[in-house]
Amino acid sequence: MNCLITGATGEVGVRVTRLLLKSGLRPRILTRNAKKARALFDDNVDIFTGDLGAPDALRPAFRGTDAVFLVNVGPQIPERDRAAARLARELGIGRIVKLSSLDVEAGLAIGAWHERGETEIRAAGVPFVFVRPTGFMSNFLAWAASIQAQGVVRSSTGSGRRPFIHPEDIAEVSVVALLEDACLGRALPITGPDSLTFAEATMLIGKAIGRQLSYQVISDEEARERYARISGSAEETEAHVALWRAIREGRLAATTNTVEQILARKPLSLRQWIAENAQWFCASEALPPG
Ligand SMILES: NC(=O)c1ccc[n+]([C@@H]2O[C@H](COP(=O)([O-])OP(=O)(O)OC[C@H]3O[C@@H](n4cnc5c(N)ncnc54)[C@H](OP(=O)(O)O)[C@@H]3O)[C@@H](O)[C@H]2O)c1
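Residues numbered from 1 in each chain as written. Predicted model: local features only at pLDDT ≥ 70, side-chain atom pairs only at ≥ 80, totals over all residues. Heavy atoms only, no water.

**Observations concerning the pattern of salt bridges**
Point 1. According to the stated counting rule, one finds 22 salt bridges in the structure shown.
Point 2. Between Arg-224 and Glu-238 there is a salt bridge, and its shortest N-O distance comes to 2.8 Å. Of this pair, Arg-224 sits in helix 9 (residues 220-228) while Glu-238 is found in helix 10 (residues 234-248), placing the two residues 14 residues apart along the sequence.
Point 3. Overall, Glu-238 belongs to the partly exposed group, its relative accessible area being 37%.
Point 4. A network of salt bridges, in which partner residues are shared, links Glu-11, Arg-15 and Glu-168. (Salt bridge = Lys/Arg side-chain N within 4 Å of Asp/Glu carboxyl O. Helix = DSSP H or I, 4+ residues; strand = E, 2+ residues; numbered from the N terminus. Buried < 20%, exposed > 50% of the residue type's maximum accessible area, 1.4 Å probe, protein only.)

This is how it looks when you write it as structure tokens:
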């Protein structure tokens, strides 16, 4: 089985690649940053340098591949999914496993970009699996700076809940989708075990690092202003503000049992993710990369 992993230097793709290596396979990976990929995987993978925004250059990586794990980011997701799917179809690739989003079901924000991407892949006629995770637990790393410096988390999600998922669960489900046929043609809505408020998540981080943290509710305007400082575009900023509003309104709180159905075990808890990552929130430590 010859798998091509895109996004292999990112949160989920790096875990997918490591799981494939553990199962004895030698994946190909596509990256814009071969040096970073070599530092992560040494000589254990075949590295192809390319940009998903420049599909003509993707042929060498796609040719001879049985399955592609497709990670596209940002407002260009639909066009990039379309280009990858058409190339996969032309080259007779057996399947695309797309890292999508559970927010497709709510049809909002970043989920709307993924929904259009999924539509493009279906239209191209290539066999597919759409892995649809809810918010990643690793998103909490974005809180590291304000927790370290001020002991504060600020969010416009109010008391809304989100069933955060451990990135390892996303990767394990994705590997099943890549290697087994049972999920072909399906969309897999995956969540963690518990739907928690951001205040509860803040409290769990505080407990793990032995520090009382405060959770401050901010307005959409303040959230927009803060995110705009680090955002790639106004479109991405608005997508995030809309996402946080939907969480506040209770629209993204439902859990699913898909992880348990596919992996025959419970999804990993936020407590476990925090135990693995507590050092990033301690004032004496460096900030997480990225
Ligand atoms: N975070 C969440 O809560 C959440 C929830 C649901 C769905 N998602 C979806 O998950 C995906 C992000 O996954 P992630 O967090 O694992 O990734 P990530 O950590 O944000 O890393 C992004 C990856 O994409 C690659 N990449 C970006 N632009 C590229 C381009 N033009 N050409 C080739 N590769 C490119 C990067 O590779 P190089 O830099 O090495 O080229 C990197 O490996 C997005 O589609 C997002 O919408 C996220």
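**Section: the pairing of strand 3 (residues 46-49)**
In summary, the side chains of a regular strand alternate between the two faces of the sheet.
Point 1. The sheet contact formed by strand 2 (residues 28-31) and strand 3 spans four bridges and is parallel. For Ile-29, the partnering residue across the bridge sits in strand 3 and is Ile-47.
Point 2. As a crossover connection, the stretch from strand 2 through helix 2 (residues 34-41) into strand 3 is right-handed. (Pairing = 2+ DSSP bridges. Right-handed = clockwise from strand over helix to strand, strands pointing away.)

**Quick look at the site of the ligand**
Point 1. Looking at the ligand, there are 24 residues lining it, with Thr-9, Thr-31, Asp-51, Asn-72 and Asn-139 nearest.
Point 2. Here an oxygen atom of the ligand sits 2.8 Å away from a polar atom, N or O, in the side chain of His-114.
Point 3. Burial of the ligand by the protein chains amounts to 80% of its free accessible area of 920 Å². (Near = heavy atom within 4 Å. Polar contact = N/O pair within 3.5 Å; in protein donor to acceptor, adjacent residues only side chain to side chain. Areas by Shrake-Rupley, 256 points an atom, 1.4 Å probe, with all protein chains shown as cover.)

**Some points on the environment of Leu-87**
Point 1. On the secondary structure map, Leu-87 appears in helix 4 (residues 77-90).
Point 2. For Leu-87 and Val-126, which are 39 residues apart along the polypeptide, the C-alpha to C-alpha distance reads 9.6 Å.
Point 3. Look past the residues within four positions of Leu-87 in its chain and what remains in contact with it is Pro-55, Leu-58, Arg-59 and Phe-62. (Contact = heavy atoms within 4.5 Å.)

**Looking at helix 5 (residues 109-124)**
Point 1. Between its first and last C-alpha atoms helix 5 spans 24 Å; for 16 residues at 1.5 Å apiece the expected length is 22 Å, and the two agree.
Point 2. Within the span of helix 5, buried status applies to Ala-109, Ile-110, Gly-111, Trp-113, His-114, Gly-117, Glu-118, Ile-121 and Ala-124.
Point 3. Residues of helix 5 that are buried in the fold lie against strand 4 (67-70), helix 4, strand 5 (95-99), strand 6 (128-133) and helix 10.
Point 4. Once helix 5 finishes, Gly-125 follows within two positions and takes phi at roughly 85 degrees, a positive value. (Expected span 1.5 Å × (residues − 1).)

**Thoughts on the packing of helix 5 against helix 10**
Point 1. Close contact between helix 5 and helix 10 brings their axes to 6 Å; oriented N to C, the two are set at 110 degrees. By the angle class used here, helix 5 and helix 10 are roughly perpendicular. Contacts between helix 5 and helix 10 involve Ala-109, Ile-110 and Trp-113 on the former and, on the latter, Glu-235, Glu-236, Ala-239, His-240, Ala-242 and Leu-243.
Point 2. Of the residues that constitute the contact of helix 5 with helix 10, the class distribution is six nonpolar, one polar and two charged. (Axes fitted to C-alpha atoms, helices over the stretch in contact; angles between N-to-C directions. Parallel < 35°, antiparallel > 145°, perpendicular 65-115°, else oblique. Nonpolar A, V, L, I, M, F, W, Y, C, P; charged D, E, K, R; others polar.)

**Points about helix 12 (residues 270-277)**
Point 1. Where helix 12 is concerned, the buried positions are Leu-270, Trp-273, Ile-274 and Asn-277. On an axial view of helix 12, the arc spanned by its buried residues comes to 100 degrees, and they lie on one face. Within helix 12, the exposed residues directed more than 90 degrees away from the buried face are Arg-271 and Ala-275.
Point 2. Residues of helix 12 that are buried make contact with helix 7 (167-179), strand 10 (196-197) and helix 8 (198-209). (Arc of directions from axis to C-beta.)

**Quick look at the sheet that holds strand 6**
Point 1. Ordered by their spatial adjacency, seven strands build an open sheet running 3-2-1-4-5-6-9, and the pairing between neighbours is parallel. Strand pairing shows two members of the sheet lacking a second neighbour, strand 3 and strand 9 (187-190), which therefore form its edges. If you compare each strand with its neighbour and ignore which way they point, the axes differ by 15 degrees on average.
Point 2. Contacts from helix 7 reach strand 1 (3-6), strand 4, strand 5, strand 6 and strand 9, with the element oriented near 165 degrees to strand 5.

**Some points on the side chain of Ser-155**
Point 1. By secondary structure assignment, the location of Ser-155 is in strand 7 (residues 152-155).
Point 2. Using a relative accessible area of 7% as the deciding quantity, one classes Ser-155 as buried.
Point 3. Engagement of the side chain of Ser-155 in a polar contact is seen with the side chain of Thr-157, the distance being 2.6 Å.
Point 4. Setting aside residues up to four positions removed in sequence, Ser-155 forms contacts with Phe-198, Tyr-215, Gln-216, Val-217 and Ile-218.

**Quick notes on the pairing of strand 5**
Point 1. For strand 5, a buried count of five out of five residues is recorded, marking the element as mostly surrounded by other parts of the structure.
Point 2. Along strand 5, one buried face is formed by Arg-95, Val-97 and Leu-99 and the opposite face, lined by Ile-96 and Lys-98, is buried too.
Point 3. With helix 4 bridging strand 4 and the parallel strand 5, this β-α-β connection has right-handed handedness.
Point 4. In this structure, strand 5 lies alongside strand 6, joined through four bridges in parallel fashion. Bridge pairing links Ile-96 to Phe-128 in strand 6.
Point 5. You can see the chain leave strand 5, run along helix 5 and come back into strand 6, and the turn it takes is right-handed.

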